[in-house]
Amino acid sequence: MGLIKNQYVFYYPYHEKEMVLEKDLAFQIHKVLRLKEGKKILLLDGKGKHSTYVLQKISPLKVEVSKVQEKFSPPSSPLILALALLKSDKTEWVLQKGTELGATQFLIFEGENSIAKIKGTEKKLVRWQKIIQEAFEQSCGAYLPSIQTCPNLLKVLDAYQGFWLAGDADSSQKLRDYQDKLSQGCGVLIGPEGGFSLAEFDFFQKQGVQFFKIASQILRAEAAALASLAQIGAFLS
């Protein structure tokens with residue numbers, strides 16, 4: 001839940017003219033936030049629609065609302081972050097901040113130099129999706145990012161058939177060198193704490209992935225991911 005200009009913001013996939021909100025959302029409105037009848041809330045459907053609703057009737061189990069305004073945002077160019085699974089809670093932090101920076105999709109994979117392992121992370125997907133949803137609400141986004149795990153880099157590249165970039169501290173190329181291609185969106189590959197292996201760089205070259213230098217400094221993986229999203233997002237906006 002976010003708060004934008006005195007409006008409480010929630011993700012809710014259905015936007016009818018008159019609706020009854022139930023379960024977790026009704027509980028949050030009634031018990032947690034203690035909102036009153038007549039208060040306005042903003043619902044995001046995750047598919048470009050922002051709708052303002054007035055709380056008409058509030059009870060412990062359900063909240064009746066009426067739509068008073070609706071706005072639609074067309075889809076933006078895709079901005080995909082393919083991130084090697086990081087140790088500790090660093091992956092979660094990147095998902096949260098990456099959503100706020102406008103990522104449209106997250107692909108989580110295990111690199112050759114990864115410390116954390118992808119096996120068993122299926123159970124974490126529910127938590128990751130919740131983190132993304134909360135960040136989506138907080139940033140009042142238009143399109144809810146998706147997330148999936150990929151068993152290998154080939155599956156990562158198969159998940160998006162567009163232009164791919166990979167961060168490389170030794171590259172002489174900068175993002176501005178790819179400005180024309182970036183206008184259509186792109187995917188960016190960020191390696192684990194140990195970086196990409198030589199075999200992975202060779203694989204990228206064979207697959208047509210382009211390389212770029214993210215910053216003059218050596219960045220940690222999580223910083224590299226967010227710096228890349230911020231820079232690419234500036235070209236897309």
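Sequence order as written defines residue numbering, which begins from 1 separately in each chain. Side-chain atom pairs in this predicted model are given and counted only at pLDDT of 80 or more, local residue features only at pLDDT of at least 70, and totals for whole chains, interfaces and linings cover all residues. To obtain the side-chain values, all non-hydrogen atoms of the structure were used and water was disregarded.

A. Geometry of the overall build of the protein. Helix and strand assignments come from DSSP, with helices taken as H or I runs of at least 4 residues and strands as E runs of at least 2, each series counted from the N terminus. Check the secondary structure of the protein and you find seven helices and 12 strands. Taken along the three principal axes of its C-alpha coordinates, the protein extends 60 × 40 × 30 Å. Only protein chains enter the accessibility calculation, which uses a 1.4 Å probe; a residue whose area is less than 20% of its type maximum is buried, one above 50% is exposed, and one in between is partly exposed. Within the protein, buried positions represent 45% of all 237 residues. Where accessible areas are quoted, they stem from the Shrake-Rupley method and a 1.4 Å probe; at the residue level, only the protein chains shown are allowed to cover. In the form shown here, the protein has an accessible surface area of approximately 12,600 Å², with 49% of it arising from carbon and sulfur atoms. In this tally, Lys and Arg are treated as positive and Asp and Glu as negative; His is ignored, and so are the chain termini. The atoms used to mark charge sites are NZ of Lys, CZ of Arg, CG of Asp and CD of Glu. Computed over 30 positive and 25 negative side-chain charges, the separation of the two mean positions in the protein equals 6 Å.

B. A look at the pattern of salt bridges. In what follows, salt bridge is the name for a side-chain nitrogen of Lys or Arg lying within 4 Å of a carboxyl oxygen of Asp or Glu. Taken as a whole, this structure holds five salt bridges when the rule is applied. Residue Glu 70 is joined to Lys 67 by a salt bridge in which the shortest nitrogen-to-oxygen separation is 2.5 Å. When its relative accessible area of 42% is taken as the criterion, Glu 70 is described as partly exposed. Across the pair Lys 206 and Asp 202 runs a salt bridge, and its minimum N-O distance is 3.2 Å. Taken together, the positions of Lys 206 and Asp 202, both in helix H6 (residues 198-207) and four residues apart, correspond to about one turn of that helix. Judged by its relative accessible area of 34%, Asp 202 falls in the partly exposed class.

C. Expanded view of the pairing of strand S8 (residues 105-109). Taking burial as the measure, the five residues of S8 include five buried ones, the bulk of the element. Burial along S8 is two-sided: Gln 105, Leu 107 and Phe 109 facing one way and Phe 106 and Ile 108 facing the other are all buried. Crossover handedness is defined here as right-handed if the route from the first strand over the helix to the second strand goes clockwise, with the strands pointing away from the viewer. Each parallel crossover has a hand, and the one from strand S7 (residues 79-84) via helix H2 (residues 90-100) to S8 is right-handed. Inspection of the sheet shows S8 paired to strand S9 (residues 146-150) by five bridges, in the parallel sense. Within S9, the residue paired with Phe 109 across the bridge is Cys 150. Running through helix H3 (residues 125-138), the crossover from S8 to the neighbouring parallel element S9 is right-handed. In this description, strands pair whenever DSSP reports at least two bridges between them.

D. A look at H2. Taken together, the buried positions of H2 are Thr 91, Glu 92, Val 94, Leu 95, Gly 98 and Thr 99. Projection of H2 onto a plane perpendicular to its axis shows the buried side chains occupying an angular sector of 160°, all on one side. Throughout, a contact is declared for two residues whenever any of their heavy atoms are within 4.5 Å. Those residues of H2 that are buried are in contact with S7, S8, H3, S9 and helix H7 (221-236). Backbone geometry just after H2 places Gly 102 at a positive phi near 105°. Each direction from the helix axis to a C-beta atom contributes to the arc, which is the arc of those directions.

E. Structural view of the sheet that holds S7. One open sheet holds the six strands; their spatial order is S9-S8-S7-S11-S10-S12, and the pairing between them is parallel. The open sheet terminates on both sides in strands that have one partner only, identified here as S9 and strand S12 (210-212). Looking at each pair of strands side by side, their axes are set apart by 25° on average, direction ignored. Two elements, S7 and strand S11 (residues 186-190), share five bridges in a ladder whose sense is parallel. Paired with Leu 79 across the two strands is Cys 186, which belongs to S11. Convention adopted: a line fitted to C-alpha atoms gives each axis, helices being fitted over their contacting stretch, and angles between N-to-C directions are expressed from 0 to 180 degrees. Contacts from H2 reach S7, S8 and S9, with the element oriented near 165° to S8. Packing against the sheet, H3 makes contact with S8 and S9, and its axis sits at approximately 150° to S9.

F. Spatial organisation of the side chain of His 50. Note on placement: His 50 falls in strand S5 (residues 49-58). Residue classification places His 50 among the buried positions, given a relative accessible area of 9%. At a separation of 2.7 Å, a polar atom in the side chain of His 50 contacts the main-chain carbonyl oxygen of Gly 141. When residues no more than four places from it in sequence are discounted, the contact partners of His 50 are Leu 42, Leu 43, Leu 44, Gln 69, Glu 70, Lys 71, Cys 140, Gly 141 and Ala 142. A 3.5 Å cut-off defines polar contacts: any pair of N or O atoms within that distance qualifies, except that in protein one atom must be a possible hydrogen donor and the other a possible acceptor, and neighbouring residues in sequence count only when both atoms are side-chain atoms.

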